[in-house]
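Close look at the chain arrangement
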Amino acid sequence: MAARRRRVWDEDVTDETPVCSAKGCRAAAVWVLAWNNPKLHTPERRKTWLACEEHREHLSQFLGVRGFLKDVVTLDAWDAAQGS
Ligand SMILES: [Zn+2]
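These numbers were taken from a predicted model, which means no experiment stands behind them.

About the criteria used
Residues numbered from 1 in each chain as written. Predicted model: local features only at pLDDT ≥ 70, side-chain atom pairs only at ≥ 80, totals over all residues. Helix = DSSP H or I, 4+ residues; strand = E, 2+ residues; numbered from the N terminus. Buried ≥ 20, exposed ≤ 12 C-beta atoms within 10 Å, placed from the backbone. Contact = placed C-beta atoms within 7 Å. Arc of directions from axis to C-beta. Core = buried A, V, L, I, M, F, W, Y, C linked by C-beta atoms within 7 Å. Pairing = 2+ DSSP bridges. Axes fitted to C-alpha atoms, helices over the stretch in contact; angles between N-to-C directions.

1. Notes on the overall build of the chain
- Along the backbone of the chain there are two helices and three strands.
- Ordered by position from N to C terminus, the α and β elements of the chain give β-β-α-β-α.
- Burial status across the chain gives 20% buried among its 84 residues.
- Considering only contacts in the chain between residues 6 or more positions apart, those separated by 24 or more positions represent 58%.

This is the structure in structure tokens:
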């Protein structure tokens with residue numbers, strides 16, 4: 001049976017008004033941080049965090065020091081790249 005635990009990293013990016021993924025922050029997201037944990041994900045898989053201007057650097061560093069961060073793009077650019 002799968003363990004049930006809160007996994008902040010698995011939040012879906014489906015809200016109509018995307019907000020920052022930083023804990024307690026409800027600012028509108030401007031940036032998308034694309035990341036991959038090689039211990040959990042296949043290399044082509046991309047998980048995403050959203051970030052406002054204020055938290056982009058903080059969240060980027062969090063992922064960066066773990067070697068997870070792959071890309072940081074604006075939300076507009078990310079949406080365009082998804083082709084939807
Ligand atoms: Zn924020």
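The discussion continues.
2. Side note on helix 1 (residues 53–65)
- All of the buried residues along helix 1 are His55, Arg56, Leu59 and Leu63. Projected down its long axis, helix 1 shows its buried positions confined to an angular sector of 120°, all on one face. For helix 1, the exposed residues lying more than 90 degrees away from the buried face are Glu54, His58, Gln61 and Val65.
- Looking one or two places after helix 1, you find Gly67, whose phi comes out positive at around 80°.

3. So, the nonpolar core
- Counting residues in each nonpolar core, the largest one holds 13 residues, and the members touching the most others are Leu33, Trp49, Leu50 and Ala51.
- Contributing elements (two or more residues each) for this core: strand 1 (31–35), strand 2 (47–51) and helix 1.
- At four residues, strand 1 tops the list of elements feeding residues into this core.
- Non-local contacts of Leu33, meaning those with residues more than four positions away in its chain, are made with Thr48, Trp49, Ala51, Leu59, Ser60, Leu63, Leu69 and Val72.

4. Some words on the sheet that holds strand 1
- With antiparallel pairing, the three strands of this open sheet are ordered in space as 2-1-3. On the outer flanks of this sheet lie strand 2 and strand 3 (69–74), each paired with one strand and no other. Each strand of the sheet is rotated relative to its neighbour by a mean of 25°, with strand direction disregarded.
- Alignment of strand 1 against strand 3, held across five bridges, turns out to be antiparallel. Looking across to strand 3, one finds that Val32 is bridged to Val73.

Geometric descriptors of this kind do not, in isolation, establish any biological role.
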